[in-house]
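One-letter residues, chain by chain:
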Amino acid sequence: MRAFLIGIFTMFCGSAATKAQDIYLSVPDNTIFNRTEFTSVPTRVMTNANRTNWDYAFLGLLPTAPTFTSVSGPTFTHSSSSSTLPSSTLLWQLESMGGQLPYTGLTGYLPGFQSFSTSAIRWFEPPSLSIGGGFNRGNINFTFKIPASQFTANAFRAGNYSMDITQNYNDFTPRNFKTILVIPSSIRWVTNSLTKYFEISSLNDYRNTGTRVFTLDNTEIAHTVDFNFWAKAAATTVQFTSSKGVPGTRNIASIKLGSNGSALTTKTLSADFQNFSAANFSVVAGNRNSFIPELYVSAEDFKNFFFEAGTYTFELNLNAGSTDNSINSLQNTAVQLKVLPLSEITIPSSGRNVNFNFNTAAQYTDGQSQMIPNQIMLSNNENFELYVKSDENYFKKGGLQTNINSNILQIGIDGSSVNVPLSKTPQKILFNGTPVLDKGLNVRYTIPPAGAQSLVGKENTTYSINVYYSFTAI
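*Asks:* Residue-level account of the domain arrangement of the protein, with values.
*Replies:* Domain annotation of the protein identifies domain 1 (23–183), domain 2 (187–341) and domain 3 (344–473). The C-alpha-based centres of domain 1 and domain 3 are spaced at 96 Å.

Here it is in structure tokens:
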């Protein structure tokens, strides 16, 4: 009974020792994400307390090479998912036995880096004769390596990947062990703009009827866990500073966030985090996911809220969060939209000429007035005043100056009581105009009775003068 108990005790201790010598190789997330070669420090795989020579058969002429064999299959298997890594992911080579490499006299040699296989792989080639030399007692250390190309070719999911290995020398312990790749849980932004600047320099941007799209730079996120893409605005408003330095705000809800492609769903921005992922971003080969976020503003909102000249700014708070909510990786992007001062006056061809005909006595006595509908098409994204002037102070006849003063003609805008006499000096005809886009103005032209009577006795012919309209920002 005592011997039986001792035997059980010995077997139990041996099992614990074997388990304690499983090989754990922790792969840093930097190495995975940067796709650089991983090389371990010399790592103890086995120990040798007794032997100093290789096994030889047939009178010491046939050496038995030490080998590793995978008994769990051709791949490293993940501890908590169906994910696997090919055996070629991990390479290894003997580093030392008892502090130095074994003797390689008489054609013994050290193989280069190799990978595990379901077939026996030799990790040292002993000398062909036993007199070629042996090795020291002590730890049997190996160097492990994962080539950079493996990080591009494979998906490394957080957790442990293991492979069961057996070796063929009884005196080397343990005979069986696991080689385990330990992958950390990590998420990291690889590329994303910290600032994004857009500039509007044409009124045509506001005439387009399609949704306005502002494309952010490519976003690339490295990760070893599945994640979702969350986003919010830092505030409920867009901050606005006009071209004259006057502050204001716009509602952030006029802006939506989505992506070029199907990676993100399109949602209205708010000051609360929302999950914009169309589906979970899964760990993929290369351990990176990339997409291009975009901002959207409807044509109507763009014209109504982002037309005024000035600078519009807001901040996006972005978060790549693991699907189990254990890891969050935050990134902010400051967005600035600058709208340049833009103005335009156009006169349709149908309104280019204004004709007064004096054919009756009443026309000379009472004067004349004409209202030209929508003669001026006006666009200005600043507060403004509208001015009118002539190129000369006198009407011309056949290109030659006459003595008919330009001030006999008065000009005003429909809806305003202001009528100004025409002269080379600009005269204000519209006060405190607010930003407008393609607004038609009815222009009133008047030759009052006194001006009409001054034409009595003038030669019957055509007299002309050029009229110019201009803006002044206020």
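*Asks:* Could you give me a rundown of the layout of surface pockets, with the residues and numbers involved?
*Replies:* The probe, sized like a water molecule, is rolled over the atoms to show the empty space still left. Taken as a whole, the largest pocket encloses approximately 880 Å³ of empty space. Around the largest pocket, the lining comprises 31 residues; the ones closest to its centre are Val354, Phe356, Phe395, Tyr463 and Ser464. For the lining of the largest pocket, the secondary-structure elements that each account for two or more residues are β37 (436–447) and β38 (467–473). With three residues, the single largest contributor to the lining of the largest pocket is β38. A per-class count over the lining of the largest pocket returns 17 nonpolar, 11 polar and three charged.

*Asks:* Quick one: what's the story with the nonpolar core, residue by residue and with numbers?
*Replies:* Judged by nonpolar contacts, the single largest core of 40 residues is most densely connected at Phe229, Ile255, Leu269, Leu295, Phe314 and Leu337. Ranked by residue count, the leading element in this core is strand β27 (residues 310–322), at five residues. Sequence-distant contacts of Phe229, defined by excluding residues within four places in its chain, comprise Trp189, Ile221, Leu257, Leu264, Gln274, Asn275, Phe276, Ser277, Phe281, Phe291, Leu318 and Asn319. Counting residues in hydrophobic clusters, the runner-up holds 36 residues, among them Trp123, Tyr161, Tyr169 and Phe177.

*Asks:* An account of empty space enclosed by the protein is needed here, citing residue identities and associated values.
*Replies:* Enumeration over the complete set of coordinates arrives at two cavities of 30 Å³ or more. Each pocket or cavity is described by its volume, and for the largest cavity that value is around 110 Å³. Lining the largest cavity are 13 residues; nearest its centre among them are Phe214, Ile255, Phe306, Phe314 and Leu337. Among the elements of the structure, β26 (293–297), β27 and β28 (328–339) are those that each provide at least two residues to the lining of the largest cavity. Looking at which element gives the most residues to the lining of the largest cavity, the answer is β27, with three residues. Class assignment for the residues of the lining of the largest cavity results in 12 nonpolar, one polar and no charged. Approximately 40 Å³ is the volume found for the second largest cavity. Lining the second largest cavity are Asn192, Ser193, Leu216, Asp217, Pro293, Leu318 and Thr333. By residue class, the composition of the lining of the second largest cavity is three nonpolar, three polar and one charged.

*Asks:* If you had to explain the environment of Ser117 to someone new, which residues and values would you point to?
*Replies:* Note that Ser117 resides in the loop between β9 (91–97) and β10 (121–122). Measuring from C-alpha to C-alpha, the distance between Ser117 and Ser349 comes to 85 Å, with 232 residues separating the pair along the chain. For Ser117, the contacting residues outside a window of four places in its chain are Thr69 and Ser70. A polar atom in the side chain of Ser117 sits 3.1 Å from the backbone nitrogen of Ser119.

*Asks:* Outline the pairing of β27, supporting the account with residue identities and numerical values.
*Replies:* Within β27, 10 of the 13 residues are buried, leaving the element largely enclosed by the surrounding structure. As paired strands, strand β19 (residues 227–233) and β27 are joined by seven bridges and run antiparallel to one another. When the sheet's bridge partners are listed, Asn228 is paired in β27 with Gly321. One ladder, built from four bridges, connects strand β20 (residues 237–242) with β27; its direction is antiparallel. By the bridge assignment, Gln239 is partnered in β27 with Thr313. In textbook terms, the turn of a hairpin is the stretch between consecutive antiparallel strands, and for β27 and β28 this stretch comprises five residues, one of which, Asn325, has a positive phi near 65°.

The rules behind each value
Residues numbered from 1 in each chain as written. Predicted model: local features only at pLDDT ≥ 70, side-chain atom pairs only at ≥ 80, totals over all residues. Heavy atoms only, no water. Domains from an automatic or database assignment. 1 Å grid on protein atoms, 1.4 Å probe; cavity = no way out; pocket = protein on both sides within 12 Å on 5 of 7 lines; lining within 4 Å. Points joined across faces, edges and corners; volume = space filled by probe spheres on them. Helix = DSSP H or I, 4+ residues; strand = E, 2+ residues; numbered from the N terminus. Nonpolar A, V, L, I, M, F, W, Y, C, P; charged D, E, K, R; others polar. Core = buried A, V, L, I, M, F, W, Y, C linked by side-chain atoms within 4.5 Å. Buried < 20%, exposed > 50% of the residue type's maximum accessible area, 1.4 Å probe, protein only. Contact = heavy atoms within 4.5 Å. Polar contact = N/O pair within 3.5 Å; in protein donor to acceptor, adjacent residues only side chain to side chain. Pairing = 2+ DSSP bridges.

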